[in-house]
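Structural overview
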Amino acid sequence: MSITKRIKTRNMNNILLTTVKNSGHYYFLISAARAYLMKKNKKNYDIQLFKKKNYVYPIFFILKNIFTFIYFNPTKIVNFRYRNYKIGRYTIPMIFKKYNSYNSKTNLFINTLTSFYRSCCIVDSTREYFDEKRIDTIFIDHCMYENGILLEIFLSKKIKVISLGYPKGIFIIENSKKKNLSYERIIQIDNKKKLNEKQLARAKKALREITYNTEKIPWMKNIKFKYDNFFSNDKITHIVYLHSFTDAQLLYGFDGFLNVYEWIQFTIKELIKNKKNKILIKAHPSIFHTKFPTNFIKYDQKICNQLLLEYSNVKNVNFIIKPIKNIDILKNINKKCILISHHGSAILEGLYCGFKCISSKATLWNKKYRLTNSWSNKNQYKNFLNRKWDNL
């Protein structure tokens, strides 16, 4: 085949756009995605890197909306739009991914402006790709952050998206019906189906397995869990499960709180108003785990230590910072203890053990399952926190 013919044939290939370079561990994912598309569509695919560029216009747009960022109203920030695309929900996680956003209002303001500028530029970067008809699929990484903007934009243009996210795993999705699809709607478990006896038995066995053998969960296998009989205490009224402060905030959407730090502060301050409450706050095992020297873990440790210091003199608040299995606590406390989690799977373990639970509607399962007392805003949450066990 001549060079001219080869070039012409190559130019007729479809394009798999990707937000990451086809190298390292992404090489296997992108290569697998390409092979899948070639087999399914009977076409060849070239891999092309999506380029994020900087533009001038977003600077003026942000300056025009400067008061929105100064006053930082949560609802307005989450729903902030640029060129009619909802970018706020995906920009907030970028802001609170930075540790110094928690240290001062000045840092928060600067990080807000720079993060929103970057998000606006991402929107503008997409425009040059829509005239290229050969692009029918894009591989997008880390959609819980700014790349979630790309997910929504490309789906709105009927371009298929390949991505991954817990609990869904790797997925391919297209928006043939032009629905408003967000990342959280895609990855949430929301399809109810009846299980037969065999499936139900298998599900119960799996839930029991992760409840009693937590170290078998992939991201927990390197943690050396400890046991402490301090928790044999019938007087504990609430257990609150602490999550990462910096990693993937708003992963499952907005529920009135912009980040976990805001949520835990609200929770503690509301619960300690009742002097009869005895609150146990359990940090996620990875927060103080030395084998995970990532920036996220280091930042989480610092913020958690600030929280410990702030409430060190509050007698009815205790913290667990050691890696202790949830089941070792649950089997030693009163069944009338209320379990509270923003979005953690520890709630599923609590439900399995027969506890009443409070959690956000922004969690890995859809609220239509009615597994817990789930809140959609701060007022609902406050109402749940002030209810007695019998009224939950």
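On a predicted model such as this, the values are computed, not experimentally measured, just so you know.

A word on helix H2 (residues 25–41)
Three- or four-residue spacings in an α-helix give side chains the same orientation, since the helix completes a turn every 3.6 residues. For H2, with 17 residues, the first-to-last C-alpha span of 25 Å sits near the 24 Å given by 1.5 Å per residue. Inspection of H2 places Tyr26, Ile30, Ala33 and Leu37 among the buried residues, and these make up the whole buried set. Looking down the long axis of H2, one finds its buried residues gathered within 55° of arc, a one-sided arrangement. Projecting away from the buried face of H2 at angles above 90 degrees are the exposed residues His25, Phe28 and Lys39. On its buried face, H2 sits against strand E1 (14–18), strand E2 (45–49), strand E5 (135–139), strand E6 (160–165) and strand E7 (169–173). One or two positions beyond H2, positive phi appears at Lys42, with a value near 55°.

Details of the environment of Ile223
One can find Ile223 in the loop between helix H10 (197–212) and strand E8 (238–241). The class for Ile223 is buried, based on a relative accessible area of 5%. Along the chain, Ile223 and Ala362 lie 139 residues apart, while their C-alpha atoms are 27 Å from each other.

Here's the deal with the side chain of Thr19
Relative to the helices and strands, Thr19 resides in the loop between E1 and H2. On the basis of relative accessibility, which here comes to 13%, the residue Thr19 falls in the buried class. A polar atom in the side chain of Thr19 sits 2.6 Å from the side chain of Asp141. Those residues in contact with Thr19 that sit more than four places away from it in its chain are Leu49, Phe50, Ile138, Phe139, Ile140, Asp141, Asn147 and Leu150.

Remarks on the packing of aromatic side chains
Per the stated rule, a full pass over the model turns up 23 aromatic pairs. Ring plane angle 80° and centroid distance 5.7 Å describe the contact between Tyr27 and Phe28, whose orientation is recorded as edge-to-face. Centre to centre, the rings of Tyr57 and Phe61 are 6.4 Å apart; their planes meet at 40°, and the pair counts as tilted. A residue pair is termed a helical-turn pair when its members lie 3 or 4 positions apart in one helix, as Tyr57 and Phe61 do in helix H3 (residues 57–64) at four residues. Grouping aromatic residues by their ring pairs yields a cluster made of Tyr57, Phe61, Phe69, Phe80, Tyr82 and Phe116. In this arrangement the basic side chain of Lys157 is found over the ring face of Phe130, its NZ or CZ atom lying 5.2 Å from the centre. A cation over a ring is seen here: Lys356 above Trp389, with NZ or CZ 3.9 Å from the ring centre.

What about a nonpolar patch on the surface?
A surface patch of nonpolar side chains, amounting to about 520 Å² of accessible area, comprises Val56, Tyr57, Ile59, Phe60 and Leu63. For Val56, the position within the fold is in the loop between E2 and H3. We classify Val56 as exposed; its relative accessible area is 54%.

Considering the pairing of E2
Strand direction decides the pairing type here: E1 and E2, joined by five bridges, are parallel. Within E2, the position partnered with Asn14 by the bridge is Tyr45. Since E1 and E2 lie parallel, the crossover through H2 that links them has a hand, and here it is right-handed.

Details of the state of the cysteines
For the structure shown, the criterion picks out zero disulfides. Distance from the sulfur of Cys143, which forms no disulfide, to the nearest cysteine sulfur (Cys120) is 19 Å.

Points about the packing of helix H11 (residues 260–271) against helix H15 (residues 378–385)
Where H11 meets H15, the axes come as close as 10 Å, and the angle between the chain directions of the two elements is 40°. Between H11 and H15, the crossing angle belongs to the class labelled oblique. Taken as a pair, H11 and H15 cross one another with a handedness that is right-handed. The segment H11 lies against H15, with Glu262, Trp263, Phe266, Thr267, Glu270 and Leu271 engaging Lys378, Tyr381, Lys382 and Leu385. Taken together, the residues of the contact of H11 with H15 sort by class into five nonpolar, one polar and four charged.

Here's the deal with the sheet that holds strand E12 (residues 357–360)
Strand order in the open sheet made by the six strands is E10-E9-E8-E11-E12-E13, with parallel pairing throughout. At either end of the open sheet lies a strand with only one pairing partner, and these are strand E10 (317–320) and strand E13 (373–375). Mean inter-strand twist for the sheet, computed between neighbouring axes without regard to direction, equals 20°. Relative to strand E9 (residues 279–282), E8 is paired through four bridges, and the arrangement is parallel. Along E9, the bridge assignment pairs His238 with Ile279. Packing against the sheet, H11 makes contact with E8, E9, E10, strand E11 (338–341) and E13, and its axis sits at approximately 170° to E8. Together, E8, E11, E12 and E13 form the strand contacts of H15, whose direction differs from that of E13 by roughly 150°.

What counts, and at which threshold
Residues numbered from 1 in each chain as written. Predicted model: local features only at pLDDT ≥ 70, side-chain atom pairs only at ≥ 80, totals over all residues. Heavy atoms only, no water. Helix = DSSP H or I, 4+ residues; strand = E, 2+ residues; numbered from the N terminus. Expected span 1.5 Å × (residues − 1). Buried < 20%, exposed > 50% of the residue type's maximum accessible area, 1.4 Å probe, protein only. Arc of directions from axis to C-beta. Contact = heavy atoms within 4.5 Å. Polar contact = N/O pair within 3.5 Å; in protein donor to acceptor, adjacent residues only side chain to side chain. Phe/Tyr/Trp six-rings, centres within 6.5 Å; stacked < 30°, edge-to-face > 60°. Lys NZ or Arg CZ within 6 Å of the ring centre and 35° of its normal. Patch = residues over 30% accessible without salt bridge, like charges linked within 9 Å, V, L, I, M, F, W, Y side chains within 5 Å. Areas by Shrake-Rupley, 256 points an atom, 1.4 Å probe, with all protein chains shown as cover. Salt bridge = Lys/Arg side-chain N within 4 Å of Asp/Glu carboxyl O. Pairing = 2+ DSSP bridges. Right-handed = clockwise from strand over helix to strand, strands pointing away. Disulfide = S-S within 2.5 Å. Axes fitted to C-alpha atoms, helices over the stretch in contact; angles between N-to-C directions. Parallel < 35°, antiparallel > 145°, perpendicular 65-115°, else oblique. Left-handed = near helix turned anticlockwise from the far one by under 90°. Nonpolar A, V, L, I, M, F, W, Y, C, P; charged D, E, K, R; others polar.

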